[in-house]
Amino acid sequence: MEFDENKAVEFINSRLEGKKYPADEILNVIDMMYDYYEQNGMLDPDNDDDDTEDIEKELTEYVVKMLRRDKLAKIDIADAPAIVKAELDYEDSICNL
């Protein structure tokens, strides 16, 4: 199954307790996560490093740093860990189909 932005946003928002962010805000965080992947060579097809033990922590730290820089972002920094976790769960859900 392929990554579907609309389904990802819906999935992530469904995991946030009592909150719902506009699609463009969630997609901004997803873009930040993919920027992190790209900067760290994780999208390189030759990269066979499967060590994802600390990826959630590292991604969250990166997203928080980027959200602090993005003065137009409407995502509450406190929600960043839940959003990152939900996005990773979405990725897992489509990979396991």
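As the structure is a prediction and not an experimental result, all values here were calculated from the model.

## Structural notes on the packing of aromatic side chains
So, step 1. Tallying each qualifying case throughout the model produces five aromatic pairs.
So, step 2. Pairing Phe11 with Tyr90 gives two aromatic rings, centres 5.6 Å apart and planes at 55°, and the pair type is tilted. Placement of the pair is Phe11 in helix 1 (residues 5-15) and Tyr90 in helix 4 (residues 80-95), with a sequence separation of 79 residues.
So, step 3. Tyr90 sits in the buried class, given a relative accessible area of 4%.
So, step 4. Three or more aromatic residues joined by ring pairs make a cluster, and in this case those are Phe3, Phe11, Tyr34, Tyr37 and Tyr90.

## So, helix 3 (residues 55-69)
So, step 1. Along its 15 residues, helix 3 runs 21 Å from first to last C-alpha, staying within 8% of the 21 Å computed at 1.5 Å per residue.
So, step 2. Restricting attention to buried positions, one finds in helix 3 the residues Ile55, Leu59, Thr60, Tyr62, Val63, Val64 and Leu67.

## Structural notes on the environment of Asp31
So, step 1. Relative to the helices and strands, Asp31 resides in helix 2 (residues 23-39).
So, step 2. The spacing of Asp31 and Val63 is 32 residues in sequence and 9.6 Å in space, taken between C-alpha atoms.

## Some details on the pattern of salt bridges
So, step 1. Tallied over the full model, the rule gives five salt bridges.
So, step 2. In this structure, the salt-bridge partner of Lys85 is Asp89, at a minimum N-O distance of 3.0 Å. In this pair, Lys85 and Asp89 are both assigned in helix 4, four residues apart and thus about one turn of the helix distant.
So, step 3. It is possible to trace a salt-bridge network through shared partners that takes in Arg15, Lys85 and Asp89.

## What about the nonpolar core?
So, step 1. If you look at the biggest cluster of nonpolar residues, it comprises 28 residues, and the most contacted ones within it are Ile26, Met33, Leu59, Val63, Leu67 and Ile83.
So, step 2. Looking at this core, the elements with two or more residues in it are helix 1, helix 2, helix 3 and helix 4.
So, step 3. In contact with Val63, not counting residues within four places along its chain, are Val29, Met32, Met33, Ala80 and Val84.

Cut-off values and rules
Residues numbered from 1 in each chain as written. Predicted model: local features only at pLDDT ≥ 70, side-chain atom pairs only at ≥ 80, totals over all residues. Heavy atoms only, no water. Phe/Tyr/Trp six-rings, centres within 6.5 Å; stacked < 30°, edge-to-face > 60°. Helix = DSSP H or I, 4+ residues; strand = E, 2+ residues; numbered from the N terminus. Buried < 20%, exposed > 50% of the residue type's maximum accessible area, 1.4 Å probe, protein only. Expected span 1.5 Å × (residues − 1). Salt bridge = Lys/Arg side-chain N within 4 Å of Asp/Glu carboxyl O. Core = buried A, V, L, I, M, F, W, Y, C linked by side-chain atoms within 4.5 Å. Contact = heavy atoms within 4.5 Å.

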